[in-house]
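Summary of structural features
Residues per chain, in single letters:
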Amino acid sequence: QGFRPKPQLGDWVWSFLPLSPRESRGAAAQLIADDFSRPNGLAFGSQRGDLLLVSDTGLFAGAESIGENHIHRFLHDHDPIEIGSEVRPLKPRTLYAFDVNRNSEGQILTLTNRRILFKAASGVPDGIKVDCASRIYAGVGTGVDIFDKDGIHLGSLLTDPEYGCANLVLVPRGSTSELIAMC
C-alpha cells in the first residue's frame with residue numbers, strides 16, 4: 001500500500017524492562033503474550049497489578065484493509081472511505097484476563113491463566129478502563145458496557161448504535177467517578 005511499512009512483529013503483548021535503574025534510556029523487550037488477532041487495549045484489573053486485561057478487536061480488519069483503490073478514490077475522486085470497515089465475523093471481539101507474575105523488583109515476567117472475561121455483543125471492547133471497585137468499562141458498538149471483575153455484565157450505557165463508543169476515561173470526583181466517553 002505504501003503508506004506505512006509492513007509490520008515486522010506479530011500482534012503480541014510486550015513488556016519493556018528497564019536495562020538498569022541508573023540508565024535513563026533503553027529497555028529490554030520481552031514477549032509476554034501472543035495468539036491474538038488484533039490486541040488493542042490493556043488495563044490492569046486490580047490496584048495490585050496482578051491481573052492484566054487485554055482486548056482483542058480482530059472482528060474489524062483495521063487500516064491494512066485499505067487498498068490502493070480506496071486511496072485513489074479518496075484522493076482523486078473525493079469519495080469518502082470507511083477506514084477499517086471490513087468485518088470478519090469469525091475473529092475475536094473479546095476481553096481476556098491474565099494473571100501477572102512479577103520478579104522481586106515488581107517487573108512483569110510472564111502472564112498466565114489466559115481466560116475469556118467477555119465477548120462484546122455489539123462491536124468490539126475498546127477503550128477499556130477499570131475503576132477502584134474493579135468494575136470494567138468497555139466501549140462497544142452500542143455504547144459502554146460495564147462488567148464485574150469476573151466478567152459478569154452489570155449494565156450498559158446506551159449511545160447511538162451507528163457510532164458505538166471508541167474510548168472513555170474515568171475521572172475521580174471525590175467518592176465517585178465521572179465517566180467521559182468518546183462515542
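Residues numbered from 1 in each chain as written. Predicted model: local features only at pLDDT ≥ 70, side-chain atom pairs only at ≥ 80, totals over all residues. Heavy atoms only, no water.

Broken down by element type, the protein chain carries one helix and twelve strands. From first element to last, N terminus to C terminus, the protein chain shows the α and β order β-β-β-β-α-β-β-β-β-β-β-β-β. The proportion of buried residues among the 183 residues of the protein chain is 34%. Long-range contacts, defined as pairs at least 24 residues apart, comprise 44% of the intrachain contacts of the protein chain with a sequence gap of at least 6. Split by element, the accessible area of the protein chain, about 11500 Å² in all, is 54% carbon and sulfur. (Helix = DSSP H or I, 4+ residues; strand = E, 2+ residues; numbered from the N terminus. Buried < 20%, exposed > 50% of the residue type's maximum accessible area, 1.4 Å probe, protein only. Contact = heavy atoms within 4.5 Å. Areas by Shrake-Rupley, 256 points an atom, 1.4 Å probe, with all protein chains shown as cover.)

Across five bridges, the pairing between strand 9 (residues 143–147) and strand 10 (residues 153–158) is antiparallel. Counterpart to D145 in the pairing with strand 10 is S156. Taking the residues that link successive antiparallel strands as the turn, the strand 9-strand 10 hairpin has five residues, and the phi of G151 there is positive, at about 85 degrees. (Pairing = 2+ DSSP bridges.)

Taken in spatial order, the four strands of this open sheet run 7-8-9-10, and their pairing is antiparallel. Looking along the sheet, the strands with just one partner apiece sit at the ends: strand 7 (126–130) and strand 10. Between one strand axis and the next, the sheet turns through 20 degrees on average, direction left out of account. (Axes fitted to C-alpha atoms, helices over the stretch in contact; angles between N-to-C directions.)

Looking now at the pattern of salt bridges. Per the stated rule, a full pass over the model turns up five salt bridges. Among the salt bridges present, the one from D50 reaches R48, with a minimum N-O distance of 2.9 Å. The exposed category is assigned to R48, whose relative accessible area is 66%. (Salt bridge = Lys/Arg side-chain N within 4 Å of Asp/Glu carboxyl O.)

Another point: the side chain of D56. Locating D56 in the fold gives a position in strand 4 (residues 51–56). In this structure, D56 is buried with no salt-bridge partner, the nearest side chain bearing the opposite charge being R114 at 5.0 Å. Contact partners of D56, with chain neighbours within four places excluded, come to F36, S37, R38, P39, P92, R93, T94 and Y96. (Lys, Arg positive; Asp, Glu negative; His and termini not counted.)

With that out of the way, let us pick up the side chain of T57. Note that T57 resides in the loop between strand 4 and helix 1 (68–77). Residue T57 is classed as buried on the basis of its relative accessible area, which comes to 3%. Side chain to side chain, T57 and N40 meet in a polar contact 3.4 Å long. Here T57 is in contact with R38, N40, P92, V124 and P125, once residues within four sequence places are set aside. (Polar contact = N/O pair within 3.5 Å; in protein donor to acceptor, adjacent residues only side chain to side chain.)

The topology assignment puts T142 in the loop between strand 8 (136–140) and strand 9. Not counting residues within four places of it along the chain, the set of residues in contact with T142 comprises S122, L157, L158, T159 and G164.

A probe as big as a water molecule, rolled over the atoms, marks out the empty space that is left. The computed volume of the largest pocket comes to approximately 290 Å³. Forming the boundary of the largest pocket are F60, G123, V124, D126, G139, V140, G141, E162, Y163, G164, C165 and A166. Looking at the lining of the largest pocket residue by residue, the classes come out as six nonpolar, four polar and two charged. (1 Å grid on protein atoms, 1.4 Å probe; cavity = no way out; pocket = protein on both sides within 12 Å on 5 of 7 lines; lining within 4 Å. Points joined across faces, edges and corners; volume = space filled by probe spheres on them. Nonpolar A, V, L, I, M, F, W, Y, C, P; charged D, E, K, R; others polar.)

Positive phi is not limited to glycine here, since D35 has a value of about 65 degrees. With respect to the element layout, D35 can be found in the loop between strand 2 (27–33) and strand 3 (39–44). For D35, a relative accessible area of 63% gives the class exposed. Here the phi dihedral of S134 falls at roughly 65 degrees; this positive angle occurs in a residue that is not glycine. Along the chain, the position of S134 falls in the loop between strand 7 and strand 8. Residue classification places S134 among the buried residues on the basis of a relative accessible area of 17%.

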